[in-house]
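Chains, contacts and geometry: an overview
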Amino acid sequence: MRGLFSSLLAYIALGAAVLAAGQKTDQPQAVQMPSQVPMFTAAELAAKVPAAKPEDVKSMNAILSAIYDVISGPAGGRDWSRFRSLFLPQARFTEVSTRPDGSKAILTWSVDEFIRDAGEVFSTEPFYEKAIVNRPESFGTVTQVFSSYESRRSLTDKPFERGINSIQLLNDGKRWWVLSILWDTERAGNPLPPKFRK
């Protein structure tokens, strides 16, 4: 009986070891990133751009408001240091444009390129833009916002353009950042959906 009991214990131990080994190999392994992949702490990112106003980056609503406010104003300059402070240094701006023949054109800018081209337009033309409806979706530190907007030449004019900005945001634990803005405009055959109108 003792020999049988010892054999049974040995069999159970062997089965447990095999099961443990199987479970270990079944566990998904983390992907090892190449050493050249750029990784930044929150402090390192903040050091790459002008210091942000705390009230601009303290919340999702705050940074959304700042995005529109910083580009709006009469003809002339803008506070581009404030503008830069809202965005990751690698942020992208992308517009999907529809030509008269219906074909699509993709316009894309880095932060520096956007400042160059928008600054040229703003230097001679007043421009005011504000959100109509913001519809965010969040997961962990990542937030995607569909933000319908309207653009005017003065605060009292009717909008000359409406559309939707697709805005990607992240929260690094200390502040909010803009990663990218992708937009398309309202036009014949492409009206703003009712949920994005007031």
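Notes on the structure in this doc start here. (Residues numbered from 1 in each chain as written. Predicted model: local features only at pLDDT ≥ 70, side-chain atom pairs only at ≥ 80, totals over all residues. Heavy atoms only, no water.)

**Some points on the sheet that holds strand β3 (residues 128-139)**
Convention followed: When DSSP finds at least two bridges between two strands, those strands are taken to pair. Where helices and strands are cited, they refer to DSSP runs of H or I of at least four residues and of E of at least two residues respectively, numbered from the N terminus. In this analysis, axes come from line fits to C-alpha atoms, helices being fitted only over the stretch in contact, and the angle between any two N-to-C directions falls in the range 0 to 180 degrees.
Spatially, 6 strands are ordered β2-β1-β6-β5-β4-β3 in an open sheet, and the strand pairing comes out mixed. Whereas interior strands pair on both sides, the edge strands pair on one side only; in this sheet they are β2 (104-110) and β3. Sheet twist, expressed as the mean angle between neighbouring strand axes with direction ignored, is 20°. Pairing of β3 with strand β4 (residues 142-152) involves 11 bridges; the strand directions are antiparallel.

**Some words on the packing of aromatic side chains**
Ring pairs (aromatic) are described by centroid distance and by the angle formed between their planes. The criterion, for reference: Pairing of aromatic side chains requires ring centres within 6.5 Å, counting the rings of Phe and Tyr and the six-membered ring of Trp. Pairs whose planes differ by under 30 degrees are stacked, by over 60 edge-to-face, and all others tilted. Exposed residues in this analysis have more than 50% of their type's maximum accessible area, buried residues have under 20%, and partly exposed residues fall in between, with area computed by a 1.4 Å probe over protein chains only. Distance and angle both matter: a charge sits over a ring if NZ of Lys or CZ of Arg is within 6 Å of the ring centre and within 35 degrees of the ring normal.
Inspection of the entire model under this criterion finds 12 aromatic pairs. Between Phe-146 and Phe-196 the ring centres are 6.1 Å apart and the planes differ by 45°, which places this aromatic pair in the tilted class. Separated by 50 residues along the polypeptide, Phe-146 in strand β4 and Phe-196 in the segment after β6 (176-185) bring together distant segments of the chain. A residue is classified by how much of its surface remains accessible, and Phe-196, at 5% relative accessible area, is buried. Members of the aromatic cluster, connected to one another through ring pairs, are Trp-80, Phe-83, Phe-87, Phe-93, Trp-109, Phe-114, Phe-122, Phe-127, Phe-160 and Trp-183. It is Arg-135 that lies over the ring of Phe-196; its NZ or CZ is 5.8 Å from the centre. One Lys or Arg, Arg-153, reaches over the ring of Phe-160 and ends 4.0 Å from the middle of that ring.

**Overview of the pairing of β6**
Two faces, one strand: in a regular strand the side chains alternate between the faces of the sheet. Buried residues dominate β6, accounting for 7 of its 10 residues. Of the pairings in the sheet, the one linking strand β1 (residues 87-98) to β6 comprises 5 bridges and is parallel in character. Residue pairing in the sheet places Phe-93 in a bridge with Ile-181 of β6. Inspection of the sheet shows strand β5 (residues 161-171) paired to β6 by 9 bridges, in the antiparallel sense. When the sheet's bridge partners are listed, Asn-165 is paired in β6 with Trp-183.

**Some thoughts on the side chain of Thr-94**
Rule in force here: Between two residues, a contact is recorded if the distance between any of their heavy atoms is within 4.5 Å.
Mapping Thr-94 onto the fold places it in strand β1. Of the residues examined, Thr-94 reaches a relative accessible area of 18% and is grouped as buried. The contact partners of Thr-94, leaving out residues within four places of it in the chain, are Ile-106, Leu-107, Thr-108, Ile-181, Leu-182 and Trp-183.

**Some words on the layout of surface pockets**
Stated formally: In this analysis a 1.4 Å probe is tested at points of a 1 Å grid over the protein atoms alone, and where it fits but cannot get out there is a cavity; an open set with protein on both sides within 12 Å along at least five of seven lines is a pocket; lining residues have an atom within 4 Å of a point. Grid points are joined across faces, edges and corners, and a volume is the space filled by probe spheres set on the points. Classification convention: Asp, Glu, Lys, Arg as charged; Ala, Val, Leu, Ile, Met, Phe, Trp, Tyr, Cys, Pro as nonpolar; all other residues, Gly among them, as polar.
Here the largest pocket defines a volume of roughly 540 Å³. Taken together, 24 residues form the lining of the largest pocket, with Phe-114, Phe-122, Phe-127, Glu-129 and Trp-183 sitting closest to its centre. Taken together, the elements giving at least two residues each to the lining of the largest pocket come down to α4 (60-71), β1, α6 (111-122), β4, β5 and β6. In terms of residue count, α6 provides more of the lining of the largest pocket than any other element does, 5 residues in total. Residue composition of the lining of the largest pocket, grouped by class: 17 nonpolar, 2 polar and 5 charged. Approximately 170 Å³ is the volume attributed to the second largest pocket.

**Brief notes about the environment of Gly-163**
Along the polypeptide, Gly-163 turns up in strand β5. For the pair Gly-163 and Asn-190, spaced 27 residues apart in sequence, the C-alpha to C-alpha distance is 9.3 Å. Residue contacts for Gly-163: discarding those within four places in its chain leaves Ser-147, Ser-148, Tyr-149, Asp-184, Thr-185, Glu-186 and Leu-192.

**Some remarks on the pairing of β1**
Bridge analysis of β1 against β2 gives 7 bridges, and the strand direction is antiparallel. Looking at the pairing, Arg-92 lines up with Ser-110 of β2. Joining the antiparallel neighbours β1 and β2 is a turn of 5 residues, in which Gly-102 adopts a positive phi near 90°.

**Description of the pattern of salt bridges**
Basically, it comes down to this: Here, a salt bridge means any side-chain nitrogen of Lys or Arg that lies within 4 Å of a carboxyl oxygen of Asp or Glu.
Scanning all chains against the criterion turns up 9 salt bridges. Here Arg-153 and Glu-125 are joined by a salt bridge, their closest N and O atoms 3.2 Å apart. Of this pair, Arg-153 sits in the loop between β4 and β5 while Glu-125 sits in the loop between α6 and β3, and the two are 28 residues apart along the sequence. Of the residues examined, Glu-125 reaches a relative accessible area of 32% and is grouped as partly exposed.

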